[in-house]
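# Structure at a glance
Each chain, written out:
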Amino acid sequence: MKLIFLGPPGAGKGTISDLAVVKLGLPHISTGDLFRAAVKNGTPLGLKVKDIMASGGLVPDELTIALVKERLAQKDVAKGWILDGFPRTIPQAEALDKIAAADKAVNFDVADEIVIGRLSGRRVCRSCGKIYHEKNMPPKKAGVCDVDGGELYIRDDDKEAAIKVRLDTYRKQTAPLIEWYGKKGKLLAIDGVGAPAEVLGRFEKAIKK
Ligand code: AP5
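An account of the accompanying structure is given in this report. Being a predicted model, the structure only gives us computed values, none of them experimental. (Residues numbered from 1 in each chain as written. Predicted model: local features only at pLDDT ≥ 70, side-chain atom pairs only at ≥ 80, totals over all residues. Heavy atoms only, no water.)

## A short note on the overall build of the chain
For the chain, the count of helices and strands is nine helices and eight strands. In terms of its C-alpha atoms, the chain occupies a principal-axis envelope of roughly 45 × 40 × 35 Å. The proportion of buried residues among the 209 residues of the chain is 44%. Counted over contacts in the chain with a minimum sequence separation of 6, partners at least 24 positions apart contribute 69%. Taken as a whole, the chain presents about 10,900 Å² of accessible surface, with 55% of it coming from carbon and sulfur. Side chains of the chain carry 35 positive and 27 negative charges; the gap between the two charge centres is 3 Å. (Helix = DSSP H or I, 4+ residues; strand = E, 2+ residues; numbered from the N terminus. Buried < 20%, exposed > 50% of the residue type's maximum accessible area, 1.4 Å probe, protein only. Contact = heavy atoms within 4.5 Å. Areas by Shrake-Rupley, 256 points an atom, 1.4 Å probe, with all protein chains shown as cover. Lys, Arg positive; Asp, Glu negative; His and termini not counted. Charge placed at Lys NZ, Arg CZ, Asp CG, Glu CD.)

Okay, here's the thing in structure tokens:
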């Protein structure tokens, strides 16, 4: 099964992906994670995208499409994938159709005031990438990852100014994909509000239909 996870920043795409991959046995491919790894490792790609990401803007389509094309050529995608954070523009969606068309685009619907609260409290493990929230999903020990003891950090783009840019960018460039996939009959709309287990349950019910 080839699935796209759509939704505004902070909708819970990464959180639900982490739960869904365990159930579905599919690889989780997050373009945000791939770009963050490139930045962390100081690769030529990382140097190009670092400032764009920190400001909350989108990486140019040609770089993003090339990255996804390379990732989808790897062996572990034979049974399908969950693409989290891609496509984010109509040209990216058109490019994906040529590489490997998705079966469904799952849109997690969450209002702005909720996503702002989620993003401003997000903490991420520097070594394994596990996602926490200081109030909603706190680690057992403040600032320390439950899984591997890694340090928890605040993403550069989770600062107030960048969150505003990301929400504007989402509305202008990414939200049109909801209608785009709707017209193709591939859209699954999921209410993204509630505990992660509840949202996961709605997602599982929707993909079984
Ligand atoms: P990316 O990493 O994809 O960021 P995003 O889409 O803005 O999504 P987030 O990771 O912020 O949110 P999420 O929906 O995954 O929420 P999460 O589960 O973490 O992209 C980052 C940047 O990379 C982009 O801005 C851009 O520069 C670049 N980029 C990436 N892809 C690109 C592309 N295709 N084209 C161009 N540029 C691209 O949850 C958020 C918080 O909420 C967490 O603290 C979590 O604990 C909490 N939470 C989650 N679910 C719940 C729940 N149900 N109830 C309560 N709290 C919850």
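## Comments concerning the packing of helix H1 (residues 13-24) against helix H9 (residues 196-208)
Packing of H1 against H9 brings their axes to within 10 Å, and their N-to-C directions diverge by 55 degrees. Classed by the angle they form, the pair H1 and H9 counts as oblique. The hand of the H1/H9 crossing is right-handed. Every residue of H9 that contacts H1 at Thr15, Ile16, Leu19, Ala20, Lys23 and Leu24 is listed here: Pro196, Val199, Leu200, Phe203, Glu204 and Ile207. A class-by-class count of the residues in the contact of H1 with H9 yields nine nonpolar, one polar and two charged. (Axes fitted to C-alpha atoms, helices over the stretch in contact; angles between N-to-C directions. Parallel < 35°, antiparallel > 145°, perpendicular 65-115°, else oblique. Left-handed = near helix turned anticlockwise from the far one by under 90°. Nonpolar A, V, L, I, M, F, W, Y, C, P; charged D, E, K, R; others polar.)

## Let's talk about the site of the ligand
Close to the ligand lie 35 residues, the nearest being Thr15, Gly57, Arg88, Arg122 and Arg166. Take Arg166: an N or O atom from its side chain is 2.5 Å from an oxygen atom of the ligand. Protein burial of the ligand: of its 1,000 Å² of free accessible surface, 96% is covered by the chains. If one sorts the elements of the shell around the ligand by residue count, helix H2 (residues 31-40) sits on top with four residues. (Near = heavy atom within 4 Å. Polar contact = N/O pair within 3.5 Å; in protein donor to acceptor, adjacent residues only side chain to side chain.)

## So, the pattern of salt bridges
Overall, the coordinates contain 16 salt bridges when judged by the stated rule. Note that Lys183 and Glu179 form a salt bridge whose closest N and O atoms lie 3.3 Å from each other. Placement of the pair is Lys183 and Glu179 together in helix H8 (residues 176-183), with a separation of four residues, close to one helical turn. Considered together, Lys183 and Glu179 belong to a single accessibility category, that of exposed residues. Each of Arg122, Arg155, Asp157, Asp158 and Arg166 takes part in a single network of salt bridges with overlapping partners. (Salt bridge = Lys/Arg side-chain N within 4 Å of Asp/Glu carboxyl O.)

## Comments concerning the nonpolar core
Formed by 22 residues in total, the largest nonpolar core has its most connected members in Phe5, Ile82, Val106, Phe108 and Phe203. Only strand E1 (2-6), H1, strand E4 (104-109), helix H6 (112-120), helix H7 (160-174), strand E8 (187-191) and H9 provide two or more residues apiece to this core. With five residues, the single largest contributor to this core is H9. Judged by nonpolar contacts, the second largest core, of 19 residues, contains Ile4, Trp81, Leu96 and Trp180. (Core = buried A, V, L, I, M, F, W, Y, C linked by side-chain atoms within 4.5 Å.)

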